[in-house]
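Structural overview
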Amino acid sequence: MTSNATLRMSTAAVKFRLDTLSVLLVEDTQSERNFIVNLLQSMGMNVSSCASAEEAIELYQSQMPDIVISDWRMPGLTGPQLCQRLKQAPSPPYIILLTANNQAKHMVEGIESGADDFLSKPFIPSILKVRLLAAARIVKMQQHLTDQNLALNDALSKEQAYLAQVQADLDSAARLQSSLLPTSSKLTNQWRLATRFQPAQDLAGDIFQCFNIDDSHLGFYLLDVTGHGIAASMQSFTLAQRLSCKSCHWDSLDPALIVTELNADFEDPENAGRFATLILGIANTDSGQVRITMAGHPQPILLANDSATIMSLDSGLPLGIDNQFQYQYNSFFLGDEQHLMLYSDGLYECQHPTYGEFGQQRLVKACSDAHQLSPEALLHHLSHVIDLWQQNSPQDDISMMIISTSNMSI
Amino acid sequence: MKFSPLALENACLVTLPKEMIMAQTPTIRAAISRQIETGSTKLVMDLHQVEYIDSSGLSILISAHKLTQKHSGEVILLSPSAGVRALIELTRLHHVFTIFEDRDAAIEHICTL
């Protein structure tokens, strides 16, 4: 390869890298200005020029060149002064100062003004070319960084908008969930209901309901899907949906049948080991007979006038463990002045940093000590006690429901 | 958490950590599922170190149980503390898992074809 060919190639390479850039030349001597403009144009750059720093400031604002080359000594503002002004812009240009002498004092002044490079006059054209190539690298790197920053900011704001949307969806799902909980405290035959619901996050894995089946029977359940948050609440929605469906056999008055069917349909597609505990019952409000089927759920508490005792009903497996499982029901009578309290494990499993778990025994004692309270007041009292125990940082969903017979003396 | 191979090729002793609660469940579950998928279908879950377990911790045992059943394997539990045993009994899971107190007996059980 001849040296001419090498030169042509390097010229082409220079063009390729410089021709996308714009440059503003500030030079008060017309002959010098023409010479340098021609030189820059021959490199393929997009060139504009002016004779003073004042003009340069105006031109800069309209043209926003990538690079500014300025003479040092000019009437009016000097090169370093122009440099100081331009470097205050939000995205300042790359600045090369031309200097007639190479004194250290001058260099310091130039560096302090913020110039990026210096070139002493008179200069050899190839030196200017090399300096411009260095400038081009830096300008392009800065552009690249600016583009990346813009892209990042853009992605960040999209992400934030998405999160805001998710939060809004969660809020509306939480409202929907609350709206599925019992609203009326009055049941058939003047039986009464008191409830309390405190999700640990927006959405809970707990859900409960109590409603009239016919003129003399009421059905109730409280279920707790493993974990909390979105996946758990979807599962509890699904189960609640099944239980409220017409195909659900509440009219059989057989809780074991209902739970066996519900369990047979339980699905855990991700194999996350998800399961649910459930207490489901049917009460005859004429006779006070209650049938309850338990699926791995905490035992209900029987509240009487002067005491609270934890029941010991037979329980089957939680839902979702064995889809062939046949559940049984327990049968007992709820006497006058007795109340049945159902709750999820979040009520007694909450931890105190020093004293550990609240525990079922403490729960029964708290109920016992407060036996003179009405069901609503008791639930209020318990949730206050639990808040104190877990120091106002909810660890699990808490659901409570008290069903009372008609003849209430408290 | 630690996986220790046993005499039988597809058997493994899994020593579970002190805490098995919500925050840890995804990691523990993934590790155990991988262990089962790579051929360890007979697991002894050693619970003696476990101090805290909640229902999501129990769900790890359940998913391991279901996954090993698909591969005709088995999960048994070893040495749960009184508190952990109480939770297992409350949720009736002692009807699903055989619970051993003696390490050698558990290993012998799982290594018997």
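Starting from 1, residues in each chain are numbered consecutively following that chain's sequence as written. The naming scheme follows written order: chains are lettered A onward, ligands numbered 1 onward. The predicted nature of this model means local features are confined to residues of pLDDT at least 70 and side-chain atom pairs, given and counted, to a pLDDT of 80 or more, with totals for whole chains, interfaces and linings taken over all residues.

1. Things to note about the overall build of chain A
From N to C terminus, chain A includes eleven helices and 17 strands. Whereas a compact globule of 410 residues would reach a radius of gyration of roughly 22 Å, chain A reaches 40 Å, over 25% beyond that. Along the first, second and third principal axes, the C-alpha set of chain A runs to 115 × 50 × 35 Å. Partly exposed residues are those whose C-beta has more than 12 but fewer than 20 other C-beta atoms within 10 Å; with 20 or more the residue is buried, with 12 or fewer it is exposed, and the C-beta atoms are placed from the backbone. For chain A, the residues scored as buried account for 37% of the 410 residues in total. Pairs at least 24 residues apart make up 66% of the contacts formed inside chain A by residues separated by at least 6 positions. Note on conventions: DSSP H or I runs of at least 4 residues are helices, E runs of at least 2 residues are strands, and numbering of each starts at the N terminus. This radius of gyration counts C-alpha atoms alone. The globule rule is 2.2 Å times how many residues there are, raised to the power 0.38. A pair of residues counts as a contact when their C-beta atoms, built from backbone coordinates, are within 7 Å of each other.

2. Regarding the interface of chain A and chain B
The interface of chain A with chain B comprises 17 residues on the first partner and 16 residues on the second. Across the side of chain A that touches chain B, the residue classes break down as six nonpolar, eight polar and three charged. Ten residues, namely Ala, Val, Leu, Ile, Met, Phe, Trp, Tyr, Cys and Pro, are considered nonpolar, four, namely Asp, Glu, Lys and Arg, are considered charged, and the remaining ones, Gly among them, are considered polar.

3. Comments concerning the nonpolar core
Inside soluble globular proteins, nonpolar side chains tend to come together where they are buried. If you look at the biggest cluster of nonpolar residues, it comprises 91 residues, and the most contacted ones within it are A:Tyr221, A:Leu278, A:Met400, A:Met401, A:Ile403 and B:Met45. Not counting residues up to four positions away in its chain, the partners in contact with A:Tyr221 are A:Phe208, A:Gln209, A:Leu243, A:Leu278, A:Ile279 and A:Leu280. Defined on buried residues, the nonpolar core groups Ala, Val, Leu, Ile, Met, Phe, Trp, Tyr and Cys residues joined through C-beta atoms within 7 Å. Counting residues in each nonpolar core, the second largest holds 32 residues, with A:Ile69, A:Trp72, A:Met74 and A:Ala136 among its members.

4. Notes on the pairing of strand β2 (residues 46-50) of chain A
Residues and elements named next belong to chain A. One bridge is not enough; two strands pair if DSSP finds at least two bridges between them. The pairing of strand β1 (residues 22-26) with β2 spans five bridges and is classified as parallel. Counterpart to Leu 24 in the pairing with β2 is Ser 48. By convention, orient the strands away from the viewer: a clockwise path from the first strand over the helix to the second makes the crossover right-handed. For the segment spanning β1, helix α2 (residues 30-42) and β2, crossover handedness is right-handed.

5. Quick look at the packing of helix α4 (residues 79-86) of chain A against helix α5 (residues 104-113) of chain A
All names here are of chain A. Simply put, an axis is a line fit to the C-alpha atoms, just over the touching stretch for a helix, and the angle between two N-to-C directions goes from 0 to 180 degrees. Where α4 meets α5, the closest approach of the two axes is 8 Å, and the angle between their N-to-C directions is 20 degrees. The pairing of α4 with α5 is recorded here as roughly parallel in orientation. Along this stretch, α4 crosses α5, giving a crossing that reads as right-handed. Within the contact between the two elements, α4 uses Pro 80, Cys 83 and Gln 84 and α5 uses Glu 109, Gly 110 and Ser 113. With respect to orientation, any angle under 35 degrees is reported as roughly parallel, any angle over 145 as roughly antiparallel, any angle of 65 to 115 as roughly perpendicular, and every other angle as oblique. It is the rotation of the near helix from the far one that decides the hand of a crossing: anticlockwise by less than a right angle makes it left-handed, clockwise makes it right-handed.

6. Describing the UniProt feature "domain: STAS" (unreviewed entry) in chain B
UniProt positions are given in the numbering used here, feature names are shortened, and annotations may be inferred rather than shown by experiment. Residues annotated by UniProt as "domain: STAS" (unreviewed entry) correspond here to residues 1-110 of chain B. Taken end to end, residues 1-110 of chain B has its terminal C-alpha atoms 19 Å apart, with 42% of it in helix and 23% in strand.

7. Describing the sheet that holds strand β11 (residues 301-303) of chain A
Residues and elements named next belong to chain A. The five strands are arranged β6-β17-β14-β11-β12 in an open sheet whose pairing can be described as antiparallel. This sheet does not close on itself; its edge strands, each paired only once, are β6 (192-198) and β12 (308-310). Between one strand axis and the next, the sheet turns by 20 degrees as a mean value, whatever way the strands run. Pairing of β11 with strand β14 (residues 339-343), which is carried by three bridges, proceeds in the antiparallel orientation. What sits directly across from Leu 302, in β14, is Leu 340. Along the sheet, helix α11 (residues 375-389) contacts β6, β14 and β17 (398-404); its crossing angle with β17, the most-contacted strand, is approximately 160 degrees.

8. A word on the environment of A:Ile292
Residue and element names in this part refer to chain A. Structurally, the position occupied by Ile 292 is in strand β10 (residues 289-295). Residue classification places Ile 292 among the buried residues on the basis of 27 C-beta atoms within 10 Å. Residues Ile 292 and Tyr 329 lie 37 residues apart in sequence; the distance between their C-alpha atoms is 5.3 Å. Discounting chain neighbours no more than four positions away, the residues touching Ile 292 are Pro 255, Ile 279, Gly 281, Leu 313, Tyr 329 and Asn 330.

9. Structural notes on the sheet that holds strand β8 (residues 217-225) of chain A
Residues and elements named next belong to chain A. Sheet architecture is open: five strands sit in the order β7-β8-β9-β10-β13, paired in antiparallel fashion. The open sheet has two free edges, formed respectively by β7 (206-212) and β13 (330-333), since each of these has just one partner strand. Direction aside, the axes of adjacent strands within the sheet are offset by 15 degrees on average. By the bridge criterion, seven bridges tie β7 to β8 in an arrangement that is antiparallel. Looking at β8, one finds that Phe 211 is bridged to Gly 219. The strands touched by helix α7 (residues 230-244) are β7, β8 and β9 (276-284); relative to β8, the strand with the most contacts, the crossing angle is about 160 degrees. Along the sheet face, helix α8 (residues 255-265) touches β9 and β10 and points at about 25 degrees away from the line of β10.

10. Here's the deal with the environment of A:Asn323
Residues and elements named next belong to chain A. Within the secondary structure, Asn 323 sits in the loop between β12 and β13. The exposure class assigned to Asn 323 is exposed, which follows from the 12 C-beta atoms found within 10 Å. Along the sequence, Asn 323 and Ala 164 sit 159 residues apart, while their C-alpha atoms lie 39 Å from each other. Once you skip the residues sitting within four places of it in the chain, Asn 323 turns out to touch Asn 263, Ala 264 and Phe 266.

11. Here we look at α11(A)
Residue and element names in this part refer to chain A. Expected span, for any helix, means 1.5 Å times one less than how many residues it has. Between its first and last C-alpha, α11 extends 21 Å over 15 residues, near the 21 Å set by a 1.5 Å rise per residue. Within α11, burial applies to Pro 375, Leu 378, Leu 379, Leu 382, Ile 386 and Trp 389. In an axial view of α11, the angular spread of the buried residues amounts to 100 degrees, which keeps them on one side of the axis. The exposed residues of α11 that point more than 90 degrees off its buried face are His 384 and Leu 388. Buried residues along α11 sit against β6, β14, α9 (346-349), β15 (351-352), α10 (360-369) and β17. Positioned one or two residues after α11, Gln 391 has a phi angle of 50 degrees, which is positive. Summarising the geometry, the arc corresponds to the directions from the helix axis toward the C-beta atoms.

12. Some words on the pairing of β6(A)
All names here are of chain A. Counting buried positions along β6 gives five out of seven residues, so the element sits mostly inside the fold. Pairing analysis gives seven bridges linking β6 to β17, with the strands arranged antiparallel. Paired with Arg 196 across the bridge in β17 is Met 400.

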